[in-house]
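Fold and contact review
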Amino acid sequence: METAVEEYTIAVSDGSVTDVGEYQDAWGFVVVARELAANMTGPRTDSVRAELDAMMESWPDGAPIIPDEPAPVGQISASASRVALALPQPN
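**Structural notes on the environment of E2**
With respect to the helices and strands, E2 occurs in helix α1 (residues 2-11). Residues E2 and F29, 27 residues apart in the sequence, show an inter-C-alpha distance of 9.6 Å.

**A look at the pattern of salt bridges**
This model, assessed by the stated rule, comprises 3 salt bridges. The partner of R49 in a salt bridge is D46, and the shortest N-O contact between them spans 3.6 Å. Here R49 and its partner D46 are both found in helix α3 (residues 45-56), 3 residues apart, which amounts to about one turn of the helix. Taking the relative accessible area as the measure of exposure, D46 reaches 59% and is therefore exposed. Residue R82 is joined to E51 by a salt bridge in which the shortest nitrogen-to-oxygen separation is 3.6 Å. Here the residue R82 occupies a position in helix α4 (residues 73-86), and E51 occupies one in helix α3, the gap between them amounting to 31 residues.

Reading the values: the criteria
Throughout this description, residue numbers start from 1 for each chain and increase along the sequence as written. Local features in this predicted model are restricted to residues whose pLDDT is 70 or higher, and side-chain atom pairs enter the listing and the counts only when it is 80 or higher, whereas totals over whole chains, interfaces and linings include all residues. Hydrogens and water are ignored here; the side-chain numbers use all heavy atoms of the structure. Helix numbers and strand numbers start at the N terminus; a helix is a DSSP run of H or I with at least 4 residues, a strand a run of E with at least 2. Between Lys or Arg on one side and Asp or Glu on the other, a salt bridge is scored when a side-chain nitrogen of the former is within 4 Å of a carboxyl oxygen of the latter. Residue exposure (1.4 Å probe, protein chains only): buried if accessible area is under 20% of the type maximum, exposed if over 50%, otherwise partly exposed.

The structure is reproduced here in structure tokens:
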């Protein structure tokens with residue numbers, strides 16, 4: 001999640017995508033996280049998957065197509081925080 005936020009922060013500036021490669025990389029990290037979550041078992045897995053699904057909605061259908069108005073960086077950062085909070089915590 002940290003890397004996805006870092007990449008997205010580089011990619012989006014002043015309300016537009018300024019680095020296409022980093023924008024696509026950020027999306028890719030979220031997609032991989034969702035694929036990994038599909039194989040998770042145990043408590044809170046449904047919450048993790050739901051938060052990742054919600055995060056993926058920050059990109060347009062057919063992502064990583066570049067939108068005219070990308071989600072704000074803060075939205076991606078907040079989504080990543082919600083994913084991290086949903087993860088099972090070590091004892």
